[in-house]
Amino acid sequence: MVPITTLHYLVVAAALFVLGVIGVLTRRNVVIVLMSIELILNAVNLNLVAFSRMWGKLDGQVFAIFIVVDAAAEAAVGLGILIAFFRNKETINVDEIDLLKW
Amino acid sequence: MFLNHIYLIPLFPAFGAAVMFFFGRRLQKATVSAVCVGVIVLAFLFSCFTVAEYTHFARGTGRPFEKIVYTWLGSGDGHLTFTRRDGTLASFNADAGFLLDPLSSIWLLFVTGVGMLIHVYSTGYMTHEGGYYRFFGYLNLFMFSMLTLILANNYILLFVGWEGVGLCSYLLIGFYFHRESASTAANKAFIVNRIGDAGFILGALTLVWYLGSFRFVEINALARSGQFAVGDHVLTAAALLLFVGACGKSAQIPLYVWLPDAMEGPTPVSALIHAATMVTAGVYMVARSNAVFVLAPTAMKTVAIVGAITAVFAASIGLVQNDIKRVLAYSTVSQLGYMFLALGVGAFAAGVFHVFTHAFFKALLFLGSGSVIHAMSGEQDMRHMGDLRRRIPTTHWTMLIATLAIAGIFPFAGFFSKDEILWQTWASEGGAYRILWFVGYGTALMTAFYMFRLMYLTFYSPSRMSHEVEHHVHESPKSMTMPLVILALCSIGAGWLSWPHSLGGSARFEKFVEPVFAREAVVLQEEGKSGQLAAGEKEAEHTDKTEYFLMFLSLAAAGVGWGMARRSYLNAGKDYVEPIAEKAPPLYTVLYNKWFVDEGYDYVFTGRRKIGKIRLGAMGAGEAASWFDAKIIDGAVNDVGWVTRAVAMLSTWWDKWIIDGLGVNGPAILARMISYPARLFEWGLVQWYALVMIAGLLGFGMYYVWK
C-alpha cells in the first residue's frame, strides 16, 4: 500500500478546484454556480489544512476557519442576489443575465 | 401774301388729319366729311391763288420762290460743318423750307385739284364702309405728306414727305386690315418702297458729300456752274442711287411688284395714290434733280431703258388680266415707264406734261372703275360684267373719254403728251434712242388694245352678270359722278395746254416749265425766251415732216389696237375665249402669271420657296443663321457643358471613393474593427467574465512556473 503523503491531499484539492471552476464556467443554473463557488473555496480549505499538517503549524487551519466564515457570508449575499435576480427575471438561467450585453 | 404763307398749304390737310386722330371717333360722318374735304378745298383754293401770285412774281423767268420757315437740321453757327471736295467749308443744313417754281406749281395744282375731287368722291364711295373717319384721316395725312414732298426745298424735307406717302400708302392699302391679302399687300408695298428709300438716301447723302448742300437751288447752281465734267463718276453714282429710289416709289422694274397688289385698298386710294400722286413722286424727284442727271449720261440712259422696258413689260401683263383694277394698275406702271423714258432721253418737259395729263385720265379711270364696282355690288372680275353701257351711262361716257385719252387719240389729252414723248425719243441726241421709240410704239399699241378690251368687256359686250348683281346695277350718287365729269372735262382739255408747235400751237405748258430744265448756267432768263438747249424744240422746227409722220403712226397704233380689241371682245358672250389663249397658250400662261416675277422673287429674294433643298434670300439667310446658331454655337455650348459634366463625374468619384472612402470612412472602419475585440471586455455574460478571470490567473501562474 502507498503511504498517503501531502501530495495526495494537494491533488485532491486541485481536482476539486478544477471541478469547481468548470462548474462555475459551464453550468446554467445559478444555484449550481454558487455551489461550485463553494466547492472552489472548500478546495482551497483542503489545501490549507494539508499544508498545515505538513508544516506542523496551526496557521493554515486558522486561515481555513476565516475562509469558511467568508464563504458563509458570500453564500448569503450570493443567494440574496439570486433571489433579487429571480424576482426580476423569473428564471435562474445564468445565460439570461445579459442586460449589459451589447 | 399767299406766297409768304405757302407753308399753310401742307398744314391744312395736316390739321384735318390731326382732328381725325384726336376726335374722329366721336364725330358724325357729316362732320368728318366737312372737315376733311373742306381742308382740301381750302388747300386747292390757296394753291390756285399762290400759283397765280407766283406767275406774277416770276414773270416767265421761272426763278424759284423760296421760303425758309426755320432751320431744322444743322445750325447756323457752323457746328456741323464739313469740307467739300474742293476744299471750301460747307455747312450741313436742312431747313424746313418751301420752294415754288414752275415744276412744283404744276404738281401743286394737280395734286390738290385731283385730291379734292377724290375726297369728294370718297364721301360717296365710303358711306357704307366702316372706319370712315380713319379713312379720311389717312387721306389727309397723305395729302400733307405729298404736299410736303412737292414743296420741299431740300432733299431731306422731300424725304420726310417721301416716307410719309409711303407710310400712308401702307395704311391705306391695308385699310381692310382684317383681310389677310390686304395686310400682306400693304407690307409688300412698304417693304419694296423701303428698298428704294435706301437708294434715295444714299444718293442724297452722296450729293451732299460731293456738292456740300441739300438744297435744290444750291445744287442746281453748282451742277450748272461748269465745275463738274459730264460723266462725273460720283454724280453718276448719285444719280443712279436716286433713280433706285424713284424705281421703288414709282414702280419701275424691278421694284414695281407692289403696285398691282396695292389694288387691295379701296378704289379712291388706288386713284389718288397709285395713279395720280404718290407714284409720280419718283418722276418729280428725278425732274427736280435734272441738273445732276444731265451731268450723268449713263444714268440718263439707264433711266430711259428701264422706263421703256417697264412700259412694254407691264403693258404685256395688262393684256390678259381679268380684274378691272389690275388692268389699270399695270397700265399705271406702263405709263410711268413712259414718263421715265421721257426723262431719260432728256425730254423733261414732255415727261412732266405726261404726268399732268396722266393724273387726270388715270384718276378718272380708277374712279370710274370704282363706280362700276359699286354698281356691280363689289364684283371686280370683268368676266362677270358686260352690257353696262345703258345702265350706268355717266360712268360709261366718262370712262370712254378717259380710255380715248390714254390710248392717245386726237384731240384728247393723252395724245399730246404721249406723242410728245415718242417724238422726243425718236429725235433726241440725234436719234440715239430710236430703238426705244419702237418699244414705246409697241407699248402704245398694247395700251390701246387692253384699254378698249376693258371697255368692251365691261360696257359693250353681252351681259355675263349673275342675276342678283344684274338687278342691283344702279348709277352712282352725285358725289361720285360729279368728280368723274370734272375729270372727264380735264382729260379732254388738259392736253390743249401744250398744243405743239407743229400743229400751230404755242406749247404754253412746256414754255412754263422749261426754265426748270434749262441747261445753261444762268437760270434767270429774259421774258419769253426758254432755255437754249431744250432738247427737242429746236429740232422740231427743222424736221417737221418726221414729226407729222410719227404723229400719224401713233394714231394708227391706237386705231389698230382699238380695232383688234373690238374684233375680239365686242361680242364676248358667257364663254368667250381670250384671243391670246387661243393662238398661243404658253404665252398666255406666262402673261397671265405676270411673267412669274413674284414667284421668282419668292425663290431668290424672300426665300419663301425653296430651290430643291436650299432656301435663298432673306428667309434663307435666316435659316442659315439659325442653323449656324443651333449647330455650331449651341454645339460649342453643349460641348462645354459635356466637359463640365465629365469633370464633375471625376470630381464625384474622387470625393466618393477617395475622400469619403479613405479619409472619412477609413478611420470609422478602423474604429469598428478595433471595437470588435474590445467589446468582448464588456460582454454582459457572467460566465464569460469568470472565464477571463480564470484565464488571467492561469497566465500569471504559467509565468511564475516558467520563470
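Please read all numbers here as calculations on a predicted model, not as lab measurements.

> Would you explain the overall build of chain B in this entry?
Helix and strand counts for chain B come out as 28 helices and four strands. What you see for chain B is a C-alpha radius of gyration of 39 Å, clearly larger than the 27 Å of a compact globule of 707 residues, by over 25%. Counting only C-alpha atoms and orienting by the principal axes, one finds that chain B spans roughly 165 × 75 × 55 Å. For chain B, the proportion of its 707 residues judged to be buried stands at 49%. Expressed as a percentage of contacts within chain B between residues at least 6 apart in sequence, the contacts between residues at least 24 apart total 79%.

> What is the right way to look at the overall build of chain A in this model?
For chain A, the helix and strand inventory stands at three helices and zero strands. The helix and strand sequence of chain A, counted from the amino end, reads α-α-α. The globule rule puts the C-alpha radius of gyration for 102 residues at 13 Å, and the 17 Å found for chain A is more than 25% above it. Expressed as a percentage of the 102 residues in chain A, the buried residues total 14%. A separation of at least 24 residues holds for 47% of the contacts in chain A among residues at least 6 apart in sequence.

> Any chance you could explain the confidence of the model for chain B here in plain terms?
Low pLDDT means the predicted coordinates in that region are not meant to be read closely. All names here are of chain B. Looking at chain B as a whole, the pLDDT averages 85, with 93% of positions reaching at least 70. Counted against residues more than four places away or in other chains, residues 520-542, with its pLDDT under 50, gives 40 contacts. In the predicted assembly, ipTM is 0.82 and pTM is 0.75.

> How do you make sense of the interface of chain B and chain A when you look at a structure like this?
Contact with chain B, which involves 10 residues of that partner, is made by 10 residues of chain A. Ranked by the residues each element gives to the side of chain B that touches chain A, the list is headed by helix α28 (residues 686-706) of chain B, at five residues. Class assignment for the residues of the side of chain B that touches chain A results in six nonpolar, two polar and two charged.

> Explain the nonpolar core to me, please; I cannot follow it from the model alone.
Proteins that are soluble and globular tend to have nonpolar side chains buried together. Formed by 216 residues in total, the largest nonpolar core has its most connected members in Val292(B) and Ala363(B). Of the residues forming this core, the biggest block, 17 residues, is contributed by helix α15 (residues 348-375) of chain B. Residues within four places of Val292(B) in sequence aside, it is in contact with Leu207(B), Ile219(B), Ala223(B), Leu235(B), Ala238(B) and Ala239(B). Membership of the second largest hydrophobic core comes to five residues, among which are Val21(A), Val24(A), Val33(A) and Val94(A).

> Looking at this model, I keep getting lost on unusual backbone geometry. Mind explaining?
Residues and elements named next belong to chain B. In the segment running from Ile-253 into Pro-254, the intervening peptide bond is cis, with an omega of 0 degrees. Here Pro-254 lies in the loop between α8 (233-249) and α9 (258-261). Residue Pro-411 follows Phe-410 across a cis peptide bond; omega there is 0 degrees. With respect to the element layout, Pro-411 can be found in the loop between α16 (393-407) and α17 (413-427). Unusually for a residue other than glycine, Asp-387 sits at a positive phi of about 55 degrees. According to the C-beta neighbour criterion, Asp-387 is partly exposed, with 16 such atoms within 10 Å. A positive phi is found at Lys-594, a non-glycine position, where the angle reads about 55 degrees. Considering the arrangement of structural elements, one finds Lys-594 in the loop between α25 (585-592) and α26 (597-606). Under the C-beta neighbour-count criterion, Lys-594 is labelled buried, with 20 such atoms within 10 Å.

> What exactly am I supposed to notice about helix α18 (residues 434-460) of chain B here?
The α-helix winds at 3.6 residues per turn, so residues separated by three or four positions along the chain end up facing the same way. The end-to-end C-alpha distance of α18(B), which contains 27 residues, comes to 38 Å, matching closely the 39 Å that a straight helix rising 1.5 Å per residue would cover. Among the 27 residues that make up α18(B), 21 are buried, leaving the element largely enclosed by the rest of the structure.

> Before we go on, may I ask you to explain the environment of Phe136(B) in this structure?
Residue and element names in this part refer to chain B. Within the element layout of this structure, Phe-136 appears in helix α4 (residues 132-151). Phe-136 sits 123 residues away from Pro-13 along the chain, and the two C-alpha atoms are 10.0 Å apart. Dropping the residues within four chain positions of it, Phe-136 is found in contact with Met-20, Val-32 and Cys-36.

> For this particular structure, what's the right way to read the environment of Arg383(B)?
Residues and elements named next belong to chain B. Relative to the elements of secondary structure, Arg-383 occurs in the loop between α15 and α16. We classify Arg-383 as partly exposed; it has 15 C-beta atoms within 10 Å. Spatially, the C-alpha atom of Arg-383 lies 37 Å from that of Trp-162, the residues being 221 residues apart in sequence. When residues no more than four places from it in sequence are discounted, the contact partners of Arg-383 are Asn-322 and Arg-464.

> Can you help me understand the packing of helix α1 (residues 6-26) of chain A against helix α2 (residues 30-55) of chain A in this one?
Helix packing for two helices is described by the angle between their axes and how far apart those axes are. All names here are of chain A. Contact geometry for α1 and α2: axes closest at 8 Å, N-to-C directions at 165 degrees. One element, α1, and the other, α2, form an angle in the roughly antiparallel class. Both α1 and α2 take part in a crossing whose hand is left-handed. Contact residues: Thr-6, Tyr-9, Leu-10, Val-12, Ala-13, Leu-16, Phe-17, Leu-19, Gly-20, Val-21, Gly-23 and Val-24 in α1; Ile-32, Val-33, Ser-36, Ile-37, Leu-39, Ile-40, Asn-42, Ala-43, Leu-46, Asn-47, Ala-50 and Met-54 in α2. Of the residues contributing to the contact of α1 with α2, the split by class is 18 nonpolar, six polar and no charged.

> Even after reading the chapter, I still don't get the packing of helix α6 (residues 180-211) of chain B against α8(B), so can you show me in this structure?
Residue and element names in this part refer to chain B. Direction vectors running N to C along α6 and α8 enclose 155 degrees, while the axes themselves pass 7 Å from each other. Comparing the axis directions of α6 and α8 gives the class roughly antiparallel. Once α6 is placed against α8, the crossing between them reads as left-handed. Seen from α6, the contacting residues are Val-192, Asn-193, Ile-195, Gly-196, Asp-197, Gly-199, Phe-200, Leu-202, Gly-203, Thr-206, Leu-207 and Tyr-210; seen from α8, they are Val-234, Leu-235, Ala-237, Ala-238, Leu-241, Leu-242, Val-244, Gly-245, Cys-247, Gly-248 and Lys-249. In the contact of α6 with α8, the residues fall into 14 nonpolar, seven polar and two charged.

Basis of the calculations
Residues numbered from 1 in each chain as written. Chains lettered and ligands numbered in written order. Predicted model: local features only at pLDDT ≥ 70, side-chain atom pairs only at ≥ 80, totals over all residues. Helix = DSSP H or I, 4+ residues; strand = E, 2+ residues; numbered from the N terminus. Rg over C-alpha atoms; globule rule 2.2 N^0.38 Å. Buried ≥ 20, exposed ≤ 12 C-beta atoms within 10 Å, placed from the backbone. Contact = placed C-beta atoms within 7 Å. pLDDT = per-residue confidence, 0-100. Nonpolar A, V, L, I, M, F, W, Y, C, P; charged D, E, K, R; others polar. Core = buried A, V, L, I, M, F, W, Y, C linked by C-beta atoms within 7 Å. Expected span 1.5 Å × (residues − 1). Axes fitted to C-alpha atoms, helices over the stretch in contact; angles between N-to-C directions. Parallel < 35°, antiparallel > 145°, perpendicular 65-115°, else oblique. Left-handed = near helix turned anticlockwise from the far one by under 90°.

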